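Architecture and fold: a report
Residues per chain are reported as follows:
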Amino acid sequence: MARVTEHGGGVWSLEVPIPDNPLGHTLVHVLDTGRGPVLVDTGWDDPASWAALADGLAALGLAVADVHGVVVTHHHPDHHGLSGRVREASGAWIAMHAADIAVVRRTREARPGAWLDYLAGKLAAVGAPEEHLAPLLAARESGRMRTLPGLRAALPDREIAPGELLDLAGRRLRAVWTPGHTPGHVCLHLEEDHPANLPGRGRLFSGDHLLPGISPHVGLYEDPEDSTVTDPLGDYLDSLERIGRLGAAEVLPAHQHAFTDAPARVRELLAHHEERLTGLLALLAAPLTPWQLAERMEWNRPWDEIPYGSRNIAVSEAEAHLRRLVKLGRAEAVPGSDPVAYVAVGRPGE
């Protein structure tokens, strides 16, 4: 039976498990509206996850068939994975920001193996060793890429516009575009009095943008067809400040647990990233490739113990931090380096 938490004022959260993942579960939020329940995210596309979602709704006296709509904070499979099954069972609409709809569409339309081709080339360009590239190339040859999550994710049928007051009968839910974790991540501000009269401005469904005890992954936005030099970490930090200014009374995130004092958590995360950027500048006293930088960065375990797939995520995060340092004029690429290496500009702390 799924664990169900009542948050008051017609809002509940359901724990929907993520298979083989240390996060454990996604918190799918149920919002009562005048036209029926609306879900904020849906969870991973897995039989156990589907059963937990159905059981959680049943505990509220609802069925999946009753769902009126699905608002997806971002395209990742632990948030959007079950949206298609919910729509098939209920006829519900699915809403997502246009930037993440583009990711879903691109992933669905890509030729077989395109993602692995792109990833292998990208990793080689940032200095990944041959032994890391070999499994990717083998998967490409064997056709195993068909098992990657999200390849056939549901295409949403509504676009969420930044600042939009969503069309939910009897509720005031406003979209706040918060790029960084993904290009189209949105938080959702429930502009209603807090049911327990906590001080602040309503409640915030924060997806992965603002979590009580985790700094969400911020890597590069991946689009093989677009050569635009983006700055995801800069986007994330700007989005954090925007969320801090909202002054929500309570935050309802997609992982961990609900919490208060969003501005304090925002300050912690801003300080964390500034400390991390400063630490990376010290590492860049001598030129390093993004792969070499990732090997030397502090993670939640030693580099030798980081699983294969997580190393790809770590390198993307290192690249996002490098992009930020370059944009700030605090680091630069070494001319002629291949694979590309970066070095700090001036002395750390200047």
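Structure first, text after, so check above.
Residue positions are counted from 1 within each chain, in the order its sequence is given. Given that the model is predicted, a residue must reach a pLDDT of at least 70 before its local features are reported, and side-chain atom pairs must reach 80 or more before they are shown or counted; all residues, however, enter totals for whole chains, interfaces and linings. For the side-chain quantities, the full set of heavy atoms in the structure was used; hydrogens and water were omitted.

Some points on helix α5 (residues 114-125)
- The way it works is that DSSP assigns letters per residue, a run of H or I at least four long becomes a helix, a run of E at least two long becomes a strand, and they are numbered from the N terminus. Working rule for helices: expected span equals 1.5 Å times residues minus one. Here α5 contains 12 residues, and its C-alpha end-to-end distance of 17 Å stays within 8% of the 16 Å for a straight helix at 1.5 Å per residue.
- Residues of α5 that are buried include every one of Leu116, Leu119, Ala120, Lys122 and Leu123, and no others. The arc enclosing the buried residues of α5, seen along the axis, measures out at 165°, which places them on a common side.
- Throughout, a residue-residue contact means that at least one pair of heavy atoms, one from each residue, lies within 4.5 Å. Looking at the buried residues of α5, the elements they touch are α6 (130-142), α9 (290-296) and α10 (308-327).
- Among the residues trailing α5, Gly127 stands out with phi positive, at a value near 100°. When a residue's accessible area, from a 1.4 Å probe over protein chains only, is under 20% of the maximum for its type it is buried; when over 50% it is exposed; and in between it is partly exposed. Note: the arc covers the axis-to-C-beta directions of the helix.

As for the pairing of strand β6 (residues 93-97)
- Of all 5 residues in β6, 5 are buried; the element is thus mostly enclosed.
- Two elements, strand β5 (residues 69-71) and β6, share 3 bridges in a ladder whose sense is parallel. Residue pairing for β6: Gly69 is matched across the bridge by Trp93.
- A pair of strands is considered paired only if DSSP assigns at least 2 bridges between the two. Pairing geometry for β6 and strand β7 (residues 158-160), over 3 bridges, is parallel. Note on β7: the bridge partner recorded for Met96 is Glu159.

Looking at helix α7 (residues 232-246)
- Here α7 contains 15 residues, and its C-alpha end-to-end distance of 21 Å stays within 8% of the 21 Å for a straight helix at 1.5 Å per residue.
- Along α7, the residues that are buried comprise Pro232, Leu233, Gly234, Tyr236, Leu237, Ser239, Leu240, Ile243, Gly244 and Leu246.
- Against β8 (173-177), β9 (186-190), β10 (203-207), α8 (262-283) and α10 lie the buried residues of α7.
- After α7 finishes, the residue Gly247 shows a positive phi value of roughly 65°.

Considerations on the side chain of Thr33
- The topology assignment puts Thr33 in the loop between β3 (25-31) and β4 (38-40).
- Under the relative-accessibility criterion, Thr33 is labelled buried at 9%.
- For this analysis, a polar contact is any N or O atom pair within 3.5 Å, provided that within protein one partner can donate a hydrogen and the other can accept it, and provided that sequence-adjacent residues contribute only side-chain to side-chain pairs. A distance of 2.6 Å separates the side chain of Thr33 from the backbone oxygen of Gly36, its partner in a polar contact.

A word on the pattern of salt bridges
- Salt bridge, as used here, is a side-chain nitrogen of Lys or Arg placed within 4 Å of a carboxyl oxygen of Asp or Glu. On inspection of all chains with the given rule, the structure shows 13 salt bridges.
- With its nearest N and O atoms 3.3 Å apart, the salt bridge here joins Glu274 to Arg330. With Glu274 in helix α8 and Arg330 in the loop between α10 and β12 (331-333), this residue pair connects regions lying 56 residues apart in the sequence.
- Here Arg276 makes a salt bridge to Glu317, at a shortest N to O gap of 2.9 Å.

Things to note about the packing of α6 against α10
- To get an axis, a line is fitted to the C-alpha atoms, and for a helix only the part in contact is used. The angle between two axes follows their N-to-C directions and goes from 0 to 180 degrees. Packing of α6 against α10 leaves a shortest axis separation of 11 Å and a crossing angle of 110°. By the angle between their directions, the pair α6 and α10 is classed as roughly perpendicular. Taken as a pair, α6 and α10 cross one another with a handedness that is left-handed. On α10, the residues that touch His132, Pro135 and Leu136 of α6 are Tyr308, Arg311 and Asn312.
- We call Asp, Glu, Lys and Arg charged. Ala, Val, Leu, Ile, Met, Phe, Trp, Tyr, Cys and Pro are nonpolar, and the rest, Gly among them, are polar. Counted by class, the contact of α6 with α10 contains 3 nonpolar, 2 polar and 1 charged residues. By the definition adopted for this analysis, an angle is roughly parallel if under 35 degrees, roughly antiparallel if over 145, roughly perpendicular if from 65 to 115, and oblique otherwise. Less than a right angle of anticlockwise turn of the near helix away from the far helix marks a crossing as left-handed, whereas a clockwise turn marks it as right-handed.

Regarding the packing of aromatic side chains
- What counts as a ring pair is set by centres within 6.5 Å for rings of Phe, Tyr and Trp (its six-membered ring), and what kind of pair is set by the plane angle: stacked under 30 degrees, edge-to-face over 60, tilted for all other angles. For the structure shown, the criterion picks out 1 aromatic pair.
- Counted as over-ring charges are cases with an Arg CZ or a Lys NZ within 6 Å of the ring centre that also lie within 35 degrees of the ring normal. The side chain of Arg85 reaches across the aromatic face of Trp50, ending 4.1 Å from its centre.
- The ring of Trp299 is capped by Arg276, whose NZ or CZ atom sits 4.6 Å from the centre of that ring.

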